[in-house]
Amino acid sequence: QVHLVESGGGLVQAGGSLRLSCAAFGRPFSRLHMGWFRQAPGKEREFVAVHSWTSGGSTYYGDSVKGRFTISRDNAKNTVYLQMNSLKSEDTAVYYCAADNGVIAATLPSQYEYWGQGTQVTVSS
């Protein structure tokens, strides 16, 4: 079992930055793929980024955030981060941290076993 706790959401103006954190408790963090997803009202949950624990710590991003968001992890702190820069109003959503210990780092929500409670990010234009 893995328990995930997100923090760092809030209200920011367009063009600003926020950093989300997700602390993991339970299974060895260093062997978990850690992902971020987001869900806006009336929309499906969308892949944002994933940090693999294999493949040398490869990272992958959704097209809408490439070049603006950066995912990183600190295995000593059992924490994954999402640095969000150049925020746009369309980035407004509830952001969820997810974890999985599958073979590959996944980009579909259905492939993740563990989820946090979510943190709201609101970008004002």
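Coordinates for the structure precede this section.
The notes below deal with the structure included here.

Reading the values: rules and limits
Residues numbered from 1 in each chain as written. Predicted model: local features only at pLDDT ≥ 70, side-chain atom pairs only at ≥ 80, totals over all residues. Heavy atoms only, no water. Helix = DSSP H or I, 4+ residues; strand = E, 2+ residues; numbered from the N terminus. Buried < 20%, exposed > 50% of the residue type's maximum accessible area, 1.4 Å probe, protein only. Contact = heavy atoms within 4.5 Å. Polar contact = N/O pair within 3.5 Å; in protein donor to acceptor, adjacent residues only side chain to side chain. Phe/Tyr/Trp six-rings, centres within 6.5 Å; stacked < 30°, edge-to-face > 60°. Lys NZ or Arg CZ within 6 Å of the ring centre and 35° of its normal.

**Concerning the environment of E44**
Its location among the elements puts E44 in the loop between β4 (33-39) and β5 (46-51). Note on E44: relative accessible area 70%, which makes it exposed. Taking the C-alpha atoms as reference points, E44 and R73, separated by 29 residues in sequence, lie 26 Å from one another. Beyond its immediate chain neighbours, meaning those up to four positions away, E44 contacts R38 and Q39.

**With respect to the side chain of D91**
Secondary-structure assignment places D91 in the loop between β8 (79-84) and β9 (93-100). Here R68 takes part through its side chain, which lies 2.7 Å from a polar atom of the side chain of D91. In terms of polar contacts, D91 uses its side chain to reach the backbone amide nitrogen of K88, at 2.8 Å. With near-sequence residues (within four places) excluded, D91 lies in contact with R38, R68, F69, S86, V121 and V123.

**Here we look at the packing of aromatic side chains**
Between two aromatic rings, the relevant description is the distance of the centres plus the angle of the planes. Taken as a whole and judged by the stated rule, the model has five aromatic pairs. Their ring planes at 70 degrees and their centres at 5.7 Å tell us that F37 and F47 sit as a pair that is edge-to-face. On the criterion of sequence distance, the pair formed by F37 in strand β4 and F47 in strand β5 is long-range, its members being 10 residues apart. The buried category is assigned to F37, whose relative accessible area is 0%. When the centroid spacing of 5.2 Å and the interplanar angle of 75 degrees are considered together, the rings of F37 and Y112 count as edge-to-face. Of this pair, F37 sits in strand β4 while Y112 sits in the loop between β9 and β10 (114-115), and the two are 75 residues apart along the sequence. Of the two residues, F37 and Y112, both sit in the buried class. The rings of F37, F47, Y96, Y112 and W115 are connected pair by pair, giving a single aromatic cluster. Positioned over the ring face of Y96 is R45, at 3.8 Å from the centre of the ring. The ring of W115 has R45 sitting right over it, with the charged end atom 4.8 Å from the ring centre.

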